[in-house]
Amino acid sequence: MKPASPSSAVMTPMVEARAINKSFGAVRVLTDVDLTVAAGEVVVLIGPSGAGKSTLCRCLNRLENVDSGVVLLDGEELPAEGRALARLRTEVGMVFQQFNLFAHKTVLQNVTLGPTRVKGLSAADAEHRARELLDRVGIADKADHYPAQLSGGQQQRAAIARALAMQPKVMLFDEPTSALDPEMVNEVLDVMVDLAREGMTMVVVTHEMGFARRAADRVVFMADGQIVEVGTPDTFFTAPTTDRARDFLSKVL
Ligand code: ADP
Ligand code: MG
């Protein structure tokens with residue numbers, strides 16, 4: 001068990017989305033979504049395909065603009081554009097289903113690029129930090145390899161190291177293991193569980209219910225663009241209260 005998260009009642013939430021609405025053309029994708037994530041908390045977002053999980057994640061760092069509502073990061077509102085948005089975005093690490101590594105750069109270069117270009121770290125400091133992170137995710141020996149020379153699981157761990165190198169306040173994971181061969185899923189989930197235990201604030205979209213049980217403080221179940229049910233993993237998996245959640249769980253468990 002991980003230690004209990006600090007009480008959100010006495011602390012500024014790390015992430016707060018208030019009354020988010022989002023449509024693509026005539027299609028309503030998010031309806032009045034409220035989500036608050038305390039510092040150090042791990043929230044697992046689950047729900048059927050098309051529920052709006054990815055869109056919500058992208059709205060949390062304004063990769064996607066919202067039609068209405070606000071997103072606050074550590075108490076600061078994310079503006080729609082400009083330098084303040086660029087700065088706040090560096091505080092949100094994102095890991096996607098597709099690893100999105102730069103194919104023509106080595107693993108080490110992938111991890112040092114952001115810190116040197118965006119954060120102004122010296123090459124030596126960035127490399128020192130990158131090697132520590134690669135060690136932490138278990139691929140220190142791959143530093144000088146190119147992404148194509150790595151397995152999917154190794155590439156995804158490199159992507160996690162790259163995100164962590166920016167020293168984000170929160171990490172968003174959107175189905176980080178969905179593109180992996182089954183035997184590589186756990187090596188990535190183990191890194192994420194470690195990160196959760198170390199106190200990282202995390203929002204994780206995943207179909208890995210075992211991860212949710214191991215690492216989540218709260219499970220947030222979405223369907224049709226709305227948050228339908230929220231609970232601890234224990235409560236949610238053993239006694240879901242809505243028909244939608246029961247139906248979903250009967251299909252995935
Ligand atoms: P999930 O991640 O839960 O599967 P998504 O957030 O990807 O759901 O998608 C929610 C809905 O929004 C789906 O109906 C999807 O087709 C639609 N959608 C997502 N992105 C776009 C886009 N860029 N343009 C139009 N429709 C989109
Ligand atoms: Mg998705």
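Residues numbered from 1 in each chain as written. Chains lettered and ligands numbered in written order. Predicted model: local features only at pLDDT ≥ 70, side-chain atom pairs only at ≥ 80, totals over all residues. Heavy atoms only, no water.

**Observations regarding the site of ligand 1**
Okay, so step 1: Around ligand 1, the surrounding shell consists of Phe-24, Val-29, Pro-48, Ser-49, Gly-50, Ala-51, Gly-52, Lys-53, Ser-54 and Thr-55.
Okay, so step 2: Between an oxygen atom of ligand 1 and a main-chain N or O atom of Ala-51, the distance comes to 3.1 Å.
Okay, so step 3: Protein burial of ligand 1: of its 570 Å² of free accessible surface, 56% is covered by the chains.
Okay, so step 4: With three residues, the single largest contributor to the shell around ligand 1 is helix 1 (residues 53–60).
Okay, so step 5: Residues of the shell around ligand 1, tallied by class, amount to four nonpolar, five polar and one charged. (Near = heavy atom within 4 Å. Polar contact = N/O pair within 3.5 Å; in protein donor to acceptor, adjacent residues only side chain to side chain. Areas by Shrake-Rupley, 256 points an atom, 1.4 Å probe, with all protein chains shown as cover. Helix = DSSP H or I, 4+ residues; strand = E, 2+ residues; numbered from the N terminus. Nonpolar A, V, L, I, M, F, W, Y, C, P; charged D, E, K, R; others polar.)

**Concerning the side chain of Glu-41**
Okay, so step 1: Looking at where Glu-41 falls in the secondary structure, it is placed in the loop between strand 2 (27–37) and strand 3 (42–46).
Okay, so step 2: By relative accessible area, which is 9% here, Glu-41 ends up buried.
Okay, so step 3: Within polar-contact distance, the side chain of Glu-41 engages the backbone nitrogen of Ala-38 at 2.9 Å.
Okay, so step 4: In terms of polar contacts, Glu-41 uses its side chain to reach the side chain of Arg-218, at 2.7 Å. (Buried < 20%, exposed > 50% of the residue type's maximum accessible area, 1.4 Å probe, protein only.)

**Considerations on the pairing of strand 10 (residues 226–231)**
Walk down a regular strand and you will see the side chains alternate between the two sheet faces.
Okay, so step 1: As judged from the five bridges shared by strand 9 (residues 218–223) and strand 10, these two strands associate in the antiparallel manner. Bridge pairing in strand 10 places Val-220 opposite Val-230.
Okay, so step 2: Between strand 9 and strand 10, which pair antiparallel and follow one another directly, the connecting turn spans two residues, one of which, Asp-224, has a positive phi of 50°. (Pairing = 2+ DSSP bridges.)

**As for the sheet that holds strand 3**
Okay, so step 1: A sheet is described by the order of its strands in space; here six strands give the open sequence 6-7-8-3-9-10, paired in mixed fashion. One side of each edge strand has no neighbouring strand; the edge strands of this open sheet are strand 6 (92–95) and strand 10. Averaged over neighbouring strand pairs, the angle between their axes works out to 20° when direction is ignored.
Okay, so step 2: Relative to strand 7 (residues 170–174), strand 6 runs parallel, the two being bridged by four bridges. Bridging across to strand 7, Val-92 finds its partner in Val-170.
Okay, so step 3: Relative to strand 6, helix 5 (residues 152–164) is tilted by about 170°, and along the sheet it contacts strand 6 and strand 7. (Axes fitted to C-alpha atoms, helices over the stretch in contact; angles between N-to-C directions. Contact = heavy atoms within 4.5 Å.)

**Overview of the state of the cysteines**
Okay, so step 1: Considering all chains together, one arrives at zero disulfides under this definition.
Okay, so step 2: For the unlinked cysteine Cys-57, the closest cysteine sulfur is that of Cys-59, found at 9.4 Å.
Okay, so step 3: Take Cys-57: its relative accessible area is 0%, and that puts it in the buried class. (Disulfide = S-S within 2.5 Å.)

On their own, these measurements won't tell you what the molecule is for.
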